[in-house]
Amino acid sequence: MPGLGQPAASLPTVPSGPLPVTALSTTSWRTRYPRIGQFAMTERDEIIAAVPSGLFHFKQVNDHASKPWSEGRLLPNTTMLNDSSVSGLAAIMIETSDPRLYVYCVSGGTLHTFHRSMKDGSSWAKDSQDPFPYYPICGTPAIAHTIWDSKRWNLVVPCQSGGLLHTSTDGSSFPGCGGSYYGGMKTWESVTHVAEDLGIISSASIAAIKRPSEFGYGSTQKIDLVMVCIASGRLHTAEGEVLQRLSSGYSRSSKWDAQAPTRILHPGEVTGNPTLIQNVRTNQLDLLVPSAEGGIFHFVRTASSPDEWHMIARIAFPQGLPAASCLAINSEDLRYTNSRQFRALIQSGGQWPVVPYYNNRKF
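Residues numbered from 1 in each chain as written. Predicted model: local features only at pLDDT ≥ 70, side-chain atom pairs only at ≥ 80, totals over all residues. Heavy atoms only, no water.

All right, on to the overall build of the protein then. For the protein, the count of helices and strands is 0 helices and 26 strands. Counting across all 363 residues of the protein, residues that qualify as buried make up 53%. Of the contacts formed within the protein by residues at least 6 apart in sequence, a portion of 52% connects residues at least 24 apart. Summed over its atoms, the accessible surface of the protein is roughly 16600 Å², and 50% of this surface lies on carbon and sulfur atoms. (Helix = DSSP H or I, 4+ residues; strand = E, 2+ residues; numbered from the N terminus. Buried < 20%, exposed > 50% of the residue type's maximum accessible area, 1.4 Å probe, protein only. Contact = heavy atoms within 4.5 Å. Areas by Shrake-Rupley, 256 points an atom, 1.4 Å probe, with all protein chains shown as cover.)

Turning to the side chain of Asn330, a few remarks are in order. Here Asn330 shows up in strand β24 (residues 326-334). With residues near it in sequence (within four places) discarded, Asn330 still touches Met41, Thr42, Glu43, Asp45, Gln341, Phe342 and Arg343.

What follows is about the side chain of Glu239. Along the chain, Glu239 turns up in strand β17 (residues 234-245). Note on Glu239: relative accessible area 19%, which makes it buried. At 2.9 Å, the side chain of Glu239 forms a polar contact with the side chain of Arg301. (Polar contact = N/O pair within 3.5 Å; in protein donor to acceptor, adjacent residues only side chain to side chain.)

This part covers the pattern of salt bridges. For the structure shown, the criterion picks out 4 salt bridges. Between Arg343 and Asp45 there is a salt bridge, with its nearest N and O atoms 2.6 Å apart. Remark: Asp45 occurs in the loop between β2 (39-41) and β3 (46-51) and Arg343 occurs in strand β25 (residues 339-347); sequence separation between them is 298 residues. By relative accessible area, Arg343 is classed as partly exposed at 23%. (Salt bridge = Lys/Arg side-chain N within 4 Å of Asp/Glu carboxyl O.)

On to the packing of aromatic side chains, then. Counted according to the given criterion, the structure contains 4 aromatic pairs. The interplanar angle of 85 degrees and the centroid separation of 6.3 Å between the aromatic rings of Tyr104 and Trp188 together place this pair among those described as edge-to-face. In this pair, Tyr104 sits in strand β8 (residues 100-107) while Trp188 sits in the loop between β13 (164-168) and β14 (192-194), placing the two residues 84 residues apart along the sequence. Judged on exposure class, the residue Tyr104 and its partner Trp188 are both buried. For the pair Phe297 and Phe299, a centre-to-centre distance of 6.5 Å together with 85 degrees between the ring planes defines the contact as edge-to-face. Of the two residues, Phe297 and Phe299, both sit in the buried class. (Phe/Tyr/Trp six-rings, centres within 6.5 Å; stacked < 30°, edge-to-face > 60°.)

Here we take up the nonpolar core. Membership of the largest hydrophobic core comes to 19 residues, with the highest contact counts inside it found for Val156, Leu164, Ile201, Ile206, Met227 and Trp256. The biggest single contributor to this core is strand β16 (residues 221-231), with 5 residues. (Core = buried A, V, L, I, M, F, W, Y, C linked by side-chain atoms within 4.5 Å.)

With that settled, consider the sheet that holds strand β22 (residues 296-301). On the basis of which strands lie adjacent, the open sheet formed by 4 strands has the order β20-β21-β22-β23 and antiparallel pairing. Each edge of the open sheet is held by one strand with a lone partner, namely β20 (275-279) and β23 (310-315). The mean inter-strand angle of the sheet, taken between neighbouring strand axes irrespective of direction, is 20 degrees. Where strand β21 (residues 284-290) and β22 come together, 6 bridges link them in antiparallel fashion. Bridging from a neighbouring strand, Val289 pairs with Phe297 of β22. (Pairing = 2+ DSSP bridges. Axes fitted to C-alpha atoms, helices over the stretch in contact; angles between N-to-C directions.)

On to the layout of surface pockets. Its volume calculated, the largest pocket comes out at about 1100 Å³. Lining of the largest pocket is provided by 44 residues; of these, Glu43, Ile143, Leu276, Ile277 and Asn330 occupy positions nearest its centre. Contributing elements (two or more residues each) for the lining of the largest pocket: β2, β7 (86-94), β11 (142-145), β15 (203-210), β20, β24 and β25. Element by element, the count of residues in the lining of the largest pocket is highest for β24, at 8 residues. (1 Å grid on protein atoms, 1.4 Å probe; cavity = no way out; pocket = protein on both sides within 12 Å on 5 of 7 lines; lining within 4 Å. Points joined across faces, edges and corners; volume = space filled by probe spheres on them.)

Here is the structure:
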């Protein structure tokens, strides 16, 4: 089904019947998790959530069946960044010899950023540099690694005047970590304002994908940034070049020259935030987004048809579970089965269910 065609009238529900849901709270000897607002999750299952008393950090540990999650800890001095004031969060784990967790939080028209080393005993620090110092922002931000270079990543956030703001780290140092390796160069590239014609955007998701080589070995390779956003309950997508890798092995960033956004057709309206999941091996993208009527829509874009989004499933929730207002998904390849498994966290009605979703499509 082409992405710009009419969706089929009948879509498979995966799995058959309502999706099983496990609520992430306890009633026995351990402290209950607090009421949850917006949240973000990294590929390592590190979670940052806005709760009544500030920003709350915990992670999946799987120490035992009775303790799948760690005890939560509040980030210091974040009382004002709570479930009532935070409109969206994004988080990313930068994998180096000293892995770091970066958190981006939108509240009061401003982006608040924090980071910490993952070494034992490390503490949280507030970043001194604002990637968008001259723009009032809103909604839910999104962040994505840039292939090839661990010190480069892309960040987008909705602008209060409409459209989406984009910037990226310039690769010279880690933001908020005390300067550059190269004589005080800036750590953030200039800001690009895109998709202004869409008006107010509530949330977005991005993924950096490798463009097929045009000239073979030794030529310049290019990275495109794919964006999916929600505006007025509808999905839109745009794409454009964001990075080049020269034949010398060095990377060179470029202004995100995003094409004009196009619609991704779907029944009804969507809500919450879209989530893009990338399969680096196949250059395939999965898109999952909450339906305003409940459940989750699942789309896929393959490398063989990069201009088309196919809606492949509508995942049902148990009866009585409200529509999800926040969604995060991780995936992993399953050995010996040539398939992938998706695991979702959703925020629904102030509660935090854990939703197992198994996708058995072959790749």
